[in-house]
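Now for the letters of each chain:
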Amino acid sequence: MIYLDYSATTPVSYDVLDSYNKATRDYMGNANSIHALGVKSKVLLNSAIKQICELFNIQENELIITSGATEANNMALKGVALAYQNRGKHIIVSKLEHPSIYRICDFLESQGFEISYVNNDEDGLIDFEDLRKKIKDETILVSICAVNSEVGIRQPLKTIRQVIKKENPNTLFHSDITQAIGKIPVSLHDVDMASMSAHKIFGPKGIGFLYKNSKVNIVPLIHGSGKFNDLRNGTPPLPLIVAMSKACRIALKDLESKEIKVKKLNERICLELEKYDGILINKTKYSIPHILNISFKNIRPETFIHAMEDDEIYLSTNTACSSGDLSTSVMALYGDKKRAMSTIRISLSYVTTNEEITKFLNIFKLRYNQLNELISVDSK
Ligand code: PMP
């Protein structure tokens, strides 16, 4: 098997799985219980949380454990909307967000909030002037992802923060950093809130977090006993939290050398795919090398993905969360509907090897030629 869909999800690393298994086996107590088994679990819970906070240089009361980035995005946007609606009902997002952000915005719009979409330039960079103009007194929140999940466009969070705060110091800045962690350096001090998910960094599915600066208020979405965290109640999923802390520790190590390796693989693929007349490469100077998006001029992306699957090569259409739809990101970049309807995403990791890419490119060529021949026979 050659797995090239690391931006959809990653396998759980053996070290992470060992931590998960050990916490499950040896720490059965509820960390909210006051007896010895509960206390033993609570000690482990505290140390896992402390480790995550140290890694991201944040305070422990700024970390809210969630089931993943979708929940963290909901908590950030709806939580802020509810908490600050008396101050204003205006929210700004980019045109390069994950579908979960758009669905939350649709919901908030139905509840009387106004949503504005900030423009980007032809390379995907946020248009700072447009952002500045769109911020008004009633703007309570701006949400812009650190790395886009379809084309891998990376945004300068620090600069965006400066633009926002200069225009309105009360406007909060949230970033979905799910596709950035473990790929590029991110400082949580550049934002007021950030969403992240462990299954993108070789951690388990069903766990993530929202970073929320201690000065920011949010209304909780899930009410409960309040023993673990007032903002997200319930029995803490200890093995998942321990596993996430391990995954974060591994993910943040040696970022630079990992990125250099992935960049070389990306360049190899691009060099080859550039030779195909029927392929457009959806890449700009801000695309990170881990995400490589292309459009076919003639072949249907689903057909191609299933053809590659016959050789156990796994790719995706624009994102795992919006398979088959128009790629909003490719649309935001090129304004070309046909191009945006025919994308596939090849996503790489530092564990991807040169041998895998050689095999991928050979099979790509074979399948591409076969499908193109079929098309030309059909059209005769
Ligand atoms: N945001 C981004 C940028 C993502 O790539 C994803 C996963 N596709 C999500 C949010 C949703 O994450 P989760 O699966 O943890 O809910």
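Analysis parameters
- Residues numbered from 1 in each chain as written.
- Predicted model: local features only at pLDDT ≥ 70, side-chain atom pairs only at ≥ 80, totals over all residues.
- Heavy atoms only, no water.
- 1 Å grid on protein atoms, 1.4 Å probe; cavity = no way out; pocket = protein on both sides within 12 Å on 5 of 7 lines; lining within 4 Å.
- Points joined across faces, edges and corners; volume = space filled by probe spheres on them.
- Nonpolar A, V, L, I, M, F, W, Y, C, P; charged D, E, K, R; others polar.
- Domains from an automatic or database assignment.
- Contact = heavy atoms within 4.5 Å.
- Salt bridge = Lys/Arg side-chain N within 4 Å of Asp/Glu carboxyl O.
- Polar contact = N/O pair within 3.5 Å; in protein donor to acceptor, adjacent residues only side chain to side chain.
- Near = heavy atom within 4 Å.
- Areas by Shrake-Rupley, 256 points an atom, 1.4 Å probe, with all protein chains shown as cover.
- Phe/Tyr/Trp six-rings, centres within 6.5 Å; stacked < 30°, edge-to-face > 60°.
- Buried < 20%, exposed > 50% of the residue type's maximum accessible area, 1.4 Å probe, protein only.
- Axes fitted to C-alpha atoms, helices over the stretch in contact; angles between N-to-C directions.
- Helix = DSSP H or I, 4+ residues; strand = E, 2+ residues; numbered from the N terminus.
- Parallel < 35°, antiparallel > 145°, perpendicular 65-115°, else oblique.
- Left-handed = near helix turned anticlockwise from the far one by under 90°.
- Pairing = 2+ DSSP bridges.
- Right-handed = clockwise from strand over helix to strand, strands pointing away.

Tallying each qualifying case throughout the model produces one cavity of 30 Å³ or more. Within this model, the largest cavity holds a volume of roughly 140 Å³. Taken together, 16 residues form the lining of the largest cavity, with Gly 182, Lys 183, Lys 200, Phe 202 and Tyr 350 sitting closest to its centre. In terms of residue class, the lining of the largest cavity is made up of eight nonpolar, five polar and three charged.

Per the domain assignment, the segments making up the protein chain are domain 1 (2-9 + 254-379) and domain 2 (14-251). The straight-line distance from the C-alpha centre of domain 1 to that of domain 2 is 28 Å. Opposite the 30 residues of domain 1 that make contact, domain 2 presents 30 residues. Applying the counting criterion to the domain 1 and domain 2 interface returns one salt bridge. Here Asp 123 makes a salt bridge to Lys 285, at a shortest N to O gap of 3.8 Å. Counting across the domain 1 and domain 2 interface gives 17 residue pairs in polar contact (both at pLDDT 80 or more).

Once that is clear, we can look at the site of the ligand. In the vicinity of the ligand, twelve residues are found, and the nearest of them are Thr 70, Asp 176, Gln 179, Ser 197 and Lys 200. Residue Thr 70 places a side-chain N or O atom 2.6 Å away from an oxygen atom belonging to the ligand. At a separation of 2.9 Å, an oxygen atom of the ligand approaches a polar side-chain atom of His 199. Bound to the protein, the ligand loses 89% of the 400 Å² it would expose on its own. Looking at the shell around the ligand residue by residue, the classes come out as two nonpolar, eight polar and two charged.

Right, let's talk about the packing of aromatic side chains for a bit. Counting across every chain of the model gives 13 aromatic pairs. Here the aromatic rings of Phe 296 and Phe 304 are separated by 4.7 Å at their centres, their planes lie at 55°, and the arrangement is tilted. The pair formed by Phe 296 and Phe 304 is uniform in burial state, with each residue classed as buried. Ring plane angle 10° and centroid distance 6.3 Å describe the contact between Phe 364 and Tyr 368, whose orientation is recorded as stacked.

On to the packing of helix H1 (residues 14-26) against helix H7 (residues 238-251), then. Where H1 meets H7, the closest approach of the two axes is 8 Å, and the angle between their N-to-C directions is 155°. Between H1 and H7, the interaxial angle falls into the category roughly antiparallel. In the packing of H1 onto H7, the handedness of the crossing is right-handed. Residues Asp 15, Val 16, Ser 19, Tyr 20, Ala 23 and Thr 24 of H1 touch H7, and the partners they reach there are Pro 239, Leu 240, Val 242, Ala 243, Lys 246, Ala 247 and Ile 250. Looking at the contact of H1 with H7, its residues break down into nine nonpolar, two polar and two charged.

This next bit is on the packing of helix H2 (residues 36-56) against H7. The geometry of H2 relative to H7 is characterised by a closest axis approach of 9 Å and an angle of 30° between their N-to-C directions. For the element pair H2 / H7, the angle class is roughly parallel. Viewed along their axes, H2 and H7 form a crossing whose handedness is left-handed. Contacts between H2 and H7 involve Ser 41, Leu 44, Leu 45, Ala 48, Ile 49, Gln 51, Ile 52, Leu 55 and Phe 56 on the former and, on the latter, Leu 238, Ile 241, Val 242, Met 244, Ser 245, Lys 246, Cys 248 and Arg 249.

We now examine the pairing of strand S3 (residues 90-94). When you tally the buried positions in S3, you get five out of five residues, the bulk of the element. Burial of S3 is two-sided: the residues His 90, Ile 92 and Ser 94 facing one way and the residues Ile 91 and Val 93 facing the other way are all buried. Note: S3 against strand S4 (residues 114-118), five bridges, orientation parallel. Bridge pairing links Val 93 to Tyr 117 in S4. Since S3 and S4 lie parallel, the crossover through helix H4 (residues 99-110) that links them has a hand, and here it is right-handed. In this structure, S3 lies alongside strand S5 (residues 139-143), joined through four bridges in parallel fashion. Across the sheet, the residue bridging to Ile 92 is Val 142, located in S5.

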